[in-house]
There are 2 protein chains.
Amino acid sequence: MQVVKSKKRRLEIIKDIITSQKISNQSDMLQPLHKAGIEVTQATLSRDLKYLKIAKVPDNNGNYIYTLPKEDNLGRTQQYSPVLDVHPQVGLGGFLSIDFSYNLAIIKTSPGFAGSIAYDIDTGNSPEILGTVAGDDTILIVIGENVSHKRAYEVLAEYIPALRSY
Amino acid sequence: MQVVKSKKRRLEIIKDIITSQKISNQSDMLQPLHKAGIEVTQATLSRDLKYLKIAKVPDNNGNYIYTLPKEDNLGRTQQYSPVLDVHPQVGLGGFLSIDFSYNLAIIKTSPGFAGSIAYDIDTGNSPEILGTVAGDDTILIVIGENVSHKRAYEVLAEYIPALRSY
DNA sequence: TCACAACTTGCATAATTATTCTATATGATA
DNA sequence: TATCATATAGAATAATTATGCAAGTTGTGA
């Protein structure tokens, strides 16, 4: 999907710009983006900033500066959860299937695997995933209101290797 | 020093309002200020917010909320924690955070606390709350059909003291 | 393939926020 | 008290940001 790909890249670049220089309004951010080969309008940038939860904060010098939320800077070095050698069912880590329904996702696993997968998802603290409840072979996942199924899938794929090969 | 005195008071009240309710734009803040006996224009409020370093931050529900800077802003670039439905803070009783998604709420707790909190909610028999499912550190709450998030929050606050301070 | 749903984005503009300009007031100092 | 520097805040407006709408795209399923 071409569009999404470039959007992902754009969001990454926006985060880079935010963290590496002092941007005090959205127009000023269009220039660095242009240098990075990205052409968007202020409207799109406004939406991106909202999506990334980037805020315009008064600084100590009487100006305003856009800053990332705390979590994105600190934690969140997307580490993939190690699953493979711990369990049988090599290659899938117990994962069997995933389905979405509105703001819910249901993951089916081999018996006994739900808890550990749910744990990985929970400890990832992804803002898109509000939380999980796990039984023995089923995980109920509650997704945030403005998160698409596709986005939720991408996030979950960070924690479930089997999803990445789909 | 009449003017300064009332300004100081106003700034305190603004901080109170910011921490106790969800304000998403400056106009909306003029009403609570009025109730507190303070009459100012949006222009002055804008200056006050800048002075207090209060920022308008995108939250998890597709809205914007004004928030105070984190306490540790004693120096450099300030970081804002993203606005959850409620900030996880030094919550007592094991409570960590709450988020809403349509007819569901997810409460995160310290490990082992989910059950007891869920028990309190369940035994409260509030008609707005249909039921809960609790794991070890997560509670899934199903909310009735015509119950707003705000209303649900109020009801839950009856059982979760930590919610009442927001 | 076709129809339909979901996503993305620009344009235009609405909505919101910041600031300039001005007036008034306060505090300090001689 | 007179004078000056500083502070405060409203009105108007500039500047900035958010969003409704429409168009184009992509994904999905019959």
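What this report covers is the structure whose coordinates are included nearby. Quick caveat, the model's predicted, so the values are computed rather than measured.

A separate point is the protein's contact with DNA strand D. Near DNA strand D there are 21 residues, and of these Gln26(A), Ser46(A), Arg47(A), Tyr66(A) and Thr44(B) occur at the shortest range. In this structure, Ser46(A) approaches DNA strand D through a side-chain N or O atom, which is 2.7 Å from a phosphate oxygen. Contact distances for DNA strand D include 3.3 Å between a phosphate oxygen and a side-chain N or O atom of Tyr64(B). Elements with a contribution of two residues or more to the surface near DNA strand D: helix H3 (42-52) of chain A together with helix H1 (2-20) and helix H3 (42-52) of chain B. Among the elements that make up the surface near DNA strand D, the one with the highest residue count is H3(A) (5 residues). Residue classes in the surface near DNA strand D are distributed as 8 nonpolar, 6 polar and 7 charged.

Residues and elements named next belong to chain A. Enumeration over the complete set of coordinates arrives at 0 aromatic pairs over all chains. Sitting over the face of the ring of Tyr51, Lys7 holds its NZ or CZ atom 5.2 Å from the ring centroid. We note Lys56 situated over the ring of Tyr64; from NZ or CZ to the ring centre the distance is 5.3 Å.

Both strand E1 (residues 55-58) of chain A and strand E2 (residues 64-67) of chain A contribute to a ladder of 4 bridges, which runs antiparallel. Across the sheet, residue Ala55(A) finds its bridge partner in E2(A), namely Thr67(A).

All names here are of chain A. Taking every second residue as pointing to the same face, the buried face of strand E4 (residues 104-109) carries Ala105, Ile107 and Thr109, while none of Leu104, Ile106 and Lys108 on the other face is buried. The pairing of E4 with strand E6 (residues 138-143) spans 5 bridges and is antiparallel. Residue pairing for E6: Lys108 is matched across the bridge by Thr138.

Calculation notes
Residues numbered from 1 in each chain as written. Chains lettered and ligands numbered in written order. Predicted model: local features only at pLDDT ≥ 70, side-chain atom pairs only at ≥ 80, totals over all residues. Heavy atoms only, no water. Near = heavy atom within 4 Å. Polar contact = N/O pair within 3.5 Å; in protein donor to acceptor, adjacent residues only side chain to side chain. Helix = DSSP H or I, 4+ residues; strand = E, 2+ residues; numbered from the N terminus. Nonpolar A, V, L, I, M, F, W, Y, C, P; charged D, E, K, R; others polar. Phe/Tyr/Trp six-rings, centres within 6.5 Å; stacked < 30°, edge-to-face > 60°. Lys NZ or Arg CZ within 6 Å of the ring centre and 35° of its normal. Pairing = 2+ DSSP bridges. Buried < 20%, exposed > 50% of the residue type's maximum accessible area, 1.4 Å probe, protein only.

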